[in-house]
Amino acid sequence: MKTFLKLFILLPVFAIFISCEKEPEAPDNSDDITLSGKGIYVLNEGLFNMNNSTLTWYDFETEQEVTDWFETQNDRKLGDTGNDLKIYGGKVYIMMSGSSQVEVLNASNGKSLMQIPFFDGEIPRQPRSVAFLHNKAFVCSFDGTVAVIDTTSLQIEKYISVGRNPDGITTSNNKIYVANSGGLDFPNYDNTVSVIHFDTMEETKKITVGSNPYTLETDENGNVYVISRGNYDDEGMFLHIIDSQSDELIHTFTDFQAMNFTLGKNLAYVYHIDWMSGGIASIMAIDLETRAVVSENFINDDTEIESIYGIYADKTTGEVFISDAKGFVSTGMVYCFDSNGNKKYSFPTGLNPGAMGVYYTQSEK
Amino acid sequence: MSVKHLLAFFIILTGFFKVFAWQEPVDTVRLGEVIVIAGHPTLQQRSPVPMQQMLSPNLAIISGASAAEALRNFGGVTIKDYGGIGGLKTVMVRSLGANHTSVMLDGIPLNDAATGQTDLGKIPLINLESITLFVGQPLHLLQPARFYASANVIDIRTKPFSPDENDIKTRAGIRSGSFGIINPFFSTNAEVFKNTNAGINFSYTSAHGEYTFQNPYSSEQQIRTNSDIEAMNTSVYLRHRLKEHSYLQIDAWYYNSERGLPGAVILYNTHTSQRLWNEDFSVNLRYENSHPEKLQMLSLARFSNAWLHYLEKNYLNQQGQLSNTFSQQEYYFSQAFVYPLNSDLKVSMASDLFINSLDSNLPGFAEPLRYSWLTNLGARYERNRLYAQANLLSTLVNDQAQQSQSTATQSALSPSFSLAYRLTSSEPLLRLRFMYKNIFRMPTFNDLYFARVGNPDLRPEYAQQFNLGMMAGYDRNGFLSLSGSADIFYNAVKDKILAIPTQNLFVWSMQNIGKVDIRGLELQLQGQYNPGSSFAAGFFANYTLQRAIDITRDNASWYRHQIPYIPRESFSGGINFEYENFSLGFNSLFNGHRYVLAENIYQNMLPSWWHHDVVAGYQFRTGKTIFQIRFEVNNLLDRQYEVIRSFPMPGRGYFVRVEAGF
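Residues numbered from 1 in each chain as written. Chains lettered and ligands numbered in written order. Predicted model: local features only at pLDDT ≥ 70, side-chain atom pairs only at ≥ 80, totals over all residues. Heavy atoms only, no water.

## Some thoughts on the overall build of chain A
Definition in use: Helix and strand definitions here come from DSSP, where helices need a minimum of 4 consecutive H or I residues and strands a minimum of 2 consecutive E residues; each element is numbered from the N-terminal end. Burial classes: relative accessible area under 20% of the type maximum marks a residue as buried, over 50% as exposed, and values in between as partly exposed (1.4 Å probe, protein chains only). In this analysis, two residues are considered to be in contact whenever any of their non-hydrogen atoms come within 4.5 Å of each other. Under the convention used here, a 1.4 Å probe and the Shrake-Rupley method define accessible areas, while residue burial counts only the protein chains that appear.
Check the secondary structure of chain A and you find 3 helices and 30 strands. Burial analysis of chain A (365 residues in total) assigns 58% to the buried set. Relative to all contacts within chain A whose residues are 6 or more apart in sequence, the contacts with residues 24 or more apart total 44%. Working note: accessible area of chain A is about 14700 Å², and carbon and sulfur atoms make up 48% of it.

## Considering a nonpolar patch on the surface
Residues and elements named next belong to chain B. Going by this rule: A patch is a set of surface residues, each over 30% in relative accessible area and not in a salt bridge, joined within 9 Å for like charges and within 5 Å for the nonpolar side chains Val, Leu, Ile, Met, Phe, Trp and Tyr. Each salt bridge in this description consists of a side-chain nitrogen of Lys or Arg and a carboxyl oxygen of Asp or Glu lying within 4 Å of one another.
Taken together, the side chains of Val 192, Phe 193, Leu 238, Leu 242, Leu 248, Ile 250 and Leu 285 present a nonpolar region at the surface, about 620 Å² in accessible area. At the level of elements, β9 (181–193), β13 (229–243) and β14 (246–261) are the ones that each hand at least two residues to the nonpolar patch. Inspection of the secondary structure puts Leu 248 in strand β14. Assessed through its relative accessible area of 38%, Leu 248 is described here as partly exposed.

## Quick notes on unusual backbone geometry
All names here are of chain A. The amide bond that connects Thr 67 to the next residue, Asp 68, takes the cis arrangement and shows omega of 15 degrees. Note the cis peptide between Phe 186 and Pro 187, where omega equals 5 degrees. For Asn 173, which is not a glycine, the phi torsion comes out positive at approximately 55 degrees. The topology assignment puts Asn 173 in the loop between β14 (166–172) and β15 (175–180). Accessibility expressed as a relative area gives 37% for Asn 173, which makes it partly exposed.

## Some remarks on the side chain of Glu 632 of chain B
Residue and element names in this part refer to chain B. Formally: Whenever two N or O atoms come within 3.5 Å, that pair is a polar contact, provided that in protein one can donate a hydrogen and the other can accept it, and provided that, for residues adjacent in sequence, both atoms are side-chain atoms.
Mapped onto the fold, Glu 632 is located in strand β32 (residues 625–634). Among the polar contacts made by the side chain of Glu 632, one reaches the main-chain amide nitrogen of Gly 64 at a distance of 3.4 Å. Side-chain polar atoms of Glu 632 contact the side chain of Arg 630, separated by 3.3 Å. Excluding anything up to four places from it in sequence, Glu 632 contacts Ser 63, Gly 64, Arg 175, Val 614, Val 615, Gly 653, Tyr 654 and Phe 655.

## Some words on the packing of aromatic side chains
Rule in force here: Within 6.5 Å between ring centres, the rings of Phe, Tyr and Trp (the latter by its six-membered ring) count as paired, and their orientation is classed by plane angle as stacked under 30 degrees, edge-to-face over 60, tilted in between. Look at NZ for Lys and CZ for Arg. If either is within 6 Å of the ring centre and within 35 degrees of the ring normal, a charge sits over the ring.
A complete count under the given rule lists 39 aromatic pairs over all chains for this structure. Taken together, the aromatic side chains of Tyr 58, Phe 60, Tyr 312, Phe 321, Tyr 345, Phe 347 and Tyr 360 of chain A make up a single cluster linked through ring pairs. Here the basic side chain of Arg 146 of chain B rests over the ring of Phe 354 of chain B, its NZ or CZ set 3.8 Å away from the ring centre. Positioned over the ring face of Phe 655 of chain B is Arg 175 of chain B, at 4.2 Å from the centre of the ring.

## Brief notes about the sheet that holds strand β11 (residues 136–141) of chain A
Residues and elements named next belong to chain A. Rules: Here a strand pair is declared whenever DSSP counts at least two bridges between the two strands. Between N-to-C directions, angles span 0 to 180 degrees; the directions come from axes that are lines fitted to C-alpha atoms, helices contributing only their stretch in contact.
Reading across from one edge, β10-β11-β12-β13 is the order of the 4 strands in this open sheet, with antiparallel pairing throughout. Among the strands making up the open sheet, the edge pair consists of β10 (127–133) and β13 (156–161). Neighbour to neighbour, the strand axes of the sheet diverge by 25 degrees on average, direction disregarded. In terms of strand pairing, β11 meets strand β12 (residues 145–150) through 6 bridges, oriented antiparallel. Across the sheet, the residue bridging to Ser 141 is Thr 145, located in β12.

The values reported here are purely geometric and, on their own, carry no functional implication.
Structure representation (C-alpha cells):
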C-alpha cells in the first residue's frame, strides 16, 4: 500500500513536464498608433470558416502598419472572409462575405459607423462587392441581388434582382454594371453582365461576355472593363471592354489571358498566373487608348511576388500597390511601386491581403 | 570512452545477464487467436512495437459516447474533434495525419476510400471489449496484409465477438443525459446449434445535441444548433467451430445515421443548414485455423458499401440547395498463413486483394476504381529474452478513372523491423525495444479526383518511423503491479499531400509538397493495487512531447514551425477505486496550445485546455443477473475550449447509464 501511495505522490512528476512551453501572447498595438490621416487600407481576406479576416492600416507619414486596425479601434473582430473594400465620402465599406455583413467605417480613424446585416430572412446573402453613384452604395451579393444603400443614412433602400452569384460591380454613365459569375453552379457558370439604370433602379439589360465574369472597373472615358475567369478548364480567362453608351461588348483582349486587373490613370495593370508553368505571374501594363501592351513586365526591379493576390492603382500619384498572399496560409505583404515599376516600400499584412484603398483626409477621390 | 568500448561493455553486460537468465514468467500465452490478446495485458509490457491497450474495465471508467473519448487518453494520440455528439472525430498518432492510421473494428478495416480517414464517432463506446493502438502494426502473425499497410493501427473489439470473463451472455441497458442523448443498447450471444454460436450487438443513439457555448471570438453566450443526430449500429455474427483451433464465421455490420452539421461558428452569422446521412453495410466471411503447432490459416472475404448524402439547404446556386451523394464499394479477399519452423521461429505470409470504387452525383465525377494487391512476408523469432519481428510488405495499386481515361500504377516495398530484449531476469523486468518501419499512404480518391481540387498526378506520401524505448514491469503476485515505458520516436514525412490554393482561394489543388520532421518522447505509467480484500485501485498516466516541424521550404515564414493541430505537449491520466460494489473513476486530459495554420503566431493559436471527467458506479448481483448503474460528469469544470478552430466543444454534461447482464 505504501509503495502505491508513493506512486500517487510521484504522479505530479508528470505534471512538472507539462507547460514547459508558454503560449505566445497577444501583440499589443495600443501604444504605437499615430494617425496622419494619409495611408492605405488593406483588407485581409483570411481563410473561410476561421473568422480571421483583418484590416491593415499603413500610414504614409509614419510609415507604420497596424494589423489588425479594425480590432484595435473597435474592440471586436472584423469577421469571416472579407471580400471587398472601397472608400467613398470619407467612409470605408467592407464586404464581409462569410459573416454576411457590410461594415461601414469612418475612414479617418477606422471606427465602425454601422454594421449592416445582409440576410434574407435567416439566409445569408453573402455581400461580395461594392460600387458608388450619386451618394448611393450598390452592394452585390451572392444571392443574386444588388442592395442600394444610402451613404448618409446607411440604410438599405432597395434590393434589385440581377443574375446568378454576382461577384463584381462598377458604375458608369449613370448606370450600374454587375458581373454575374454563377460561381456556385460549377461547371454551369453564368456569362453575363447586368446593367441597372440609376433612374429606374431596375435591371435593363444583360450583356453576354465570357464565362464566370468577376472583376469590373470603369476608366475615365466611361468604358467598363470586365474579366471573365472561364471554367478553370478549357475556357480561358479574358479581359473584355463594354461601351457604356451602347452597352455592347466592344473588345476582347485575345492575345493574353487575364486573371485580375486594375485601372490606373491611362493604363490597365493585368496579371495572370499560369499555374501549370510554375505559378509565376508577370504584371502587364496596357495602354487604355491604343489597347496595346506597353510593358510585358511592369515590375522594373528585382522584387519577386510569390503569390499575387490583389492589385490597386492610386490614380493621383500613379503608384501601384500589389499584395502578396505568400503561401495563402500565412502573413502576407503589400508592395508599393512607383509608376515606373520600381519598388518604393513594402509592409506586412494579415492573411491573404486582397482589396485595398488609399485614403487622404482632405483630398480624397 | 569510445563507441567501441561502449559496445563491448553492452555485450558483456547482456551476456552477464544471460548467464543468470530465469525462465520467462509471462511467455506462455500463444497469440494465434486474436481474441487471446484482448484478455492478456502483459503483451503490452513486452511488445517490440509501442502498444497501448484499454480493456473493458478501463473503458468502463471513461465518460463519453464514442471510441474517440477513450482513444484520446492514449499517449501520442491527437483526436481531431469537431465537437458535439455528431461531430467528426478522426485520429492522428505521433503527428502523422489521420490517413496514416487505420482503424479496424472486429478485424474489419473502417477507413473510408474517399477521405482515407475513419470517423470514430461512428463507433459507440458502449459494448467495447478492447481498444488497442499499435505503432507500426499489430503483433499477431495471423492477420491480413492490410494490418501491415499503415503507420499505425487501432484495433477495436466489441463484446459479443469476444469471450466474457464473467460469462455474461446478454446485456441490455440505456445511457441518457445531457444534450438530449438517449442511447439504448443490447447485445447477446448464444450457442444456437452444437458448436455454433450466434451473436448480435445493437445500439441506437439519438440526441438533439444542442449546447451553450461561449463564442471564442466575441465571448458571447450562444447555443450550438443543428447538431442533432440519430444513429443505429448493428452487428451480427454466426460462428461455427470446426475443430479445436478452427472456425468458420459470417458476420455483418450495418450503420445508419442522420445528423445536422452545425458547421463552423462564424462571427455575426449563425445560419446553419447542412445535413448528413450515412448508410454503411458490410458482410464478411472468414475461416481461421490457428493450431499453434501446425500451419495456421486465415481466409477472409468481404463486401462493403458506404453511402453518404450531404445536403446544404439555402445554398445560393440555381437549385437553391447543394445535394451530393457518394457511394463506395469494396470487394476484399485475404489469405494469410503462419508456419512454425521450430518452437522459436515462425514465418508468415498474407496476401490481400481489394477493389474500391466511388461514385457520386457530382457533375463530371471521375468514378474512380482502384485495385490493390498487398502481400506481406513476415518472420518472428521469440526465445528467452529476445522478441524480434521483421516484415516486408509489397504494394501494387492500380487506379482507373473515367475522367483522366488513363490508369496509374503505383508499387512499393515497405520493410519493417522490431525487436525487444529483456535486460533483467527478475522483477522489475526491464526491456529495451527498437522499431523501424518505412510506410506510405496512397492518395485517397478525394486527393486524386475531387472536382477541381483533386490531382491525378499525386504520388504516395511516405513516412519513416523509428522508435527506441525502455519498458519496465513489476508485479508482486497480482497484489501490486506496475508497468511503464519511455519511448523516443522520430518520424520523417516526405511528399506530404497538402491542399494549396492555385489560382485563387476558390481553386485549391492537392500537391505532394510537404516535408515534416517529427521527434517526440512518450512516457507511460500504469498500476494496479489489488490486496485481495474488497478494495482495489488503479491508475494510468501518459505524457507526450512532440516536435513536429515543417521543413518543406527554408524561405517560408513557417519554416521549422510546429505543424497545425499538433500540441507540443499532451497529458492524460486517470485513477479509479473500487470498494465492494462501488467504483469511482477520475480522468484528466491536457492538450498544450496548438496552431491552426502553418505559422506559429498568436493569431493562429488555439489555447491549451484541461478536461476532467468523473464516473461513479454501483453494481450488484441478483441470482445470475448483474445490475450496474453509473453516473458520469463530463467536462467537470465546464471548460470552454476548441479542438478545431471555430468548432467549440460542449461544456459540462451529466449522464446516467443503467445496465443489466446475465
